[in-house]
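Listed here are the chains, written in short residue letters.
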Amino acid sequence: MEPPYLVLEATGARFDLAGEVTTVGRGSGLDIVLDDPTVSRLHAELVRRGDCVYVADLGLSTNGTRVNGRPVGRRTLLDGDVVSFGAVRTRIGGLVGQSEADGTVELRSASTPELTRREIEVLDALCRPALDQAAFVAPATAREIADELVVTEAAVKQHLLRLYVKFKIGEGVNRRARLANEVISAGVVRPLPADVEASMRRAG
C-alpha cells in the first residue's frame, strides 16, 4: 500500500509521508523543505498513527498552520484536506477510511483537544526538562516558562489553567507533572530529532 502524501498546489510536487513523523519548514535538513518567506524554519510536523495522519503546528511558526482555511494547533486530517503552512498551500491524499482495527487510534486522536499556537508553546516549554533528560524530571515552573516565552508569569498561569481543563487534569498535587505526562504520552509534545535540534541551536 502506498503511503499518504502531500501535494504542493503551486507546483504539483509530491512528498510521500513514509515515516512516522515528517518535519515541514524552510530550514535545511527537514523532510519537506518549503522555500517561502512565510514558512518558518521549523514549522510543523505530520505524524502518522496507523491509518491516521495529523498535523501539529510546533508553536515556532510566525504565520501559523491552517487546515481548510482554519488555524489549528493540532488536527487529524482527512483525504483531500488543504493544509497551509504560512502562505504555502498543500493538499493531503492517500488517506483511507477508518476500520475497526484502527478505531483505538482514531479515538485517541479525537480525544486530544484543539490547541492554540501559544498553548503548544507553553506545553513545549513545560515539558522541555523531561524531553532533554533520559529520565523524567520535574517539568518547568510557570516562572521558567514565562522567561522562555518572554511573557508574564500570570499569563502562563492562565494558559495552564485552560490546559488543565482541556486535558481533564483535576486539582491536586503534581498538577503540572500530570499535565506534562499526559501531553507527552499523547504525542502532543515530542523531542526534536537530534540533527534538527542541533541545527536550530546553531542558527539561534
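Residues numbered from 1 in each chain as written. Predicted model: local features only at pLDDT ≥ 70, side-chain atom pairs only at ≥ 80, totals over all residues. Heavy atoms only, no water.

1. Considerations on the pairing of strand β1 (residues 5–8)
In step 1: A one-sided burial pattern is seen for β1, the buried positions being Leu6 and Leu8 and the unburied ones Tyr5 and Val7.
In step 2: By the bridge criterion, 3 bridges tie β1 to strand β2 (residues 14–16) in an arrangement that is antiparallel. When the bridges of β2 are listed, Leu6 appears paired with Phe15.
In step 3: What sits between β1 and β2 in their antiparallel hairpin is a turn of 5 residues, with Gly12 showing a positive phi close to 80 degrees.
In step 4: With 4 bridges joining them, β1 and strand β11 (residues 88–93) adopt antiparallel strand pairing. Each residue of the ladder has a partner; that of Tyr5, found in β11, is Gly93. (Buried < 20%, exposed > 50% of the residue type's maximum accessible area, 1.4 Å probe, protein only. Helix = DSSP H or I, 4+ residues; strand = E, 2+ residues; numbered from the N terminus. Pairing = 2+ DSSP bridges.)

2. Topic: the pattern of salt bridges
In step 1: By the definition in use, this model includes 13 salt bridges.
In step 2: Put simply, Arg49 and Glu20 hold a salt bridge, and the shortest N to O gap is 3.0 Å. Of this pair, Arg49 sits in strand β5 (residues 44–49) while Glu20 sits in the loop between β2 and β3 (21–25); the two residues are 29 residues apart in sequence, bridging distant segments of the chain.
In step 3: Residue Arg49 is classed as partly exposed on the basis of its relative accessible area, which comes to 24%.
In step 4: Residue classification places Glu20 among the partly exposed positions, given a relative accessible area of 47%.
In step 5: Taken together, the shared-partner salt bridges connect Arg143, Asp147, Glu153 and Lys157 into one network. (Salt bridge = Lys/Arg side-chain N within 4 Å of Asp/Glu carboxyl O.)

3. Regarding the sheet that holds strand β6 (residues 52–57)
Strand pairing within a sheet occurs via backbone hydrogen bonds; the two strands may be parallel or antiparallel.
In step 1: Across the sheet, 5 strands lie side by side as β4-β3-β5-β6-β9; this open sheet has mixed pairing. Only two strands of the sheet have a single neighbouring strand rather than two, namely β4 (32–33) and β9 (74–76).

4. Observations regarding the packing of aromatic side chains
In step 1: For the structure on display, the rule yields 0 aromatic pairs.
In step 2: Sitting over the ring of Tyr5, Arg14 keeps its end group 3.9 Å from the ring centre.
In step 3: One cation-aromatic arrangement involves Arg74 over Tyr54; the distance from NZ or CZ to the ring centre is 3.8 Å. (Phe/Tyr/Trp six-rings, centres within 6.5 Å; stacked < 30°, edge-to-face > 60°. Lys NZ or Arg CZ within 6 Å of the ring centre and 35° of its normal.)

5. A closer look at the sheet that holds β11
In step 1: Read from one edge to the other, the open sheet built from 6 strands follows the order β2-β1-β11-β10-β7-β8, with strand pairing classed as antiparallel. In this open sheet, the two edge strands, each paired with only one partner strand, are β2 and β8 (70–72). In this sheet, neighbouring strand axes are inclined to one another by 30 degrees on average, regardless of whether the strands run parallel or antiparallel.
In step 2: One ladder, built from 4 bridges, connects strand β10 (residues 82–85) with β11; its direction is antiparallel. (Axes fitted to C-alpha atoms, helices over the stretch in contact; angles between N-to-C directions.)

6. Digging into the confidence of the model for the protein
In step 1: Confidence along the protein averages 80 in pLDDT terms, with 77% of residues attaining 70 or more.
In step 2: Contacts from residues 98–110, a stretch scored under 50 in pLDDT, to residues over four places away or in other chains number 13 contacts.
In step 3: Contacts from residues 192–204, a stretch scored under 50 in pLDDT, to residues over four places away or in other chains number 12 contacts. (pLDDT = per-residue confidence, 0-100. Contact = heavy atoms within 4.5 Å.)

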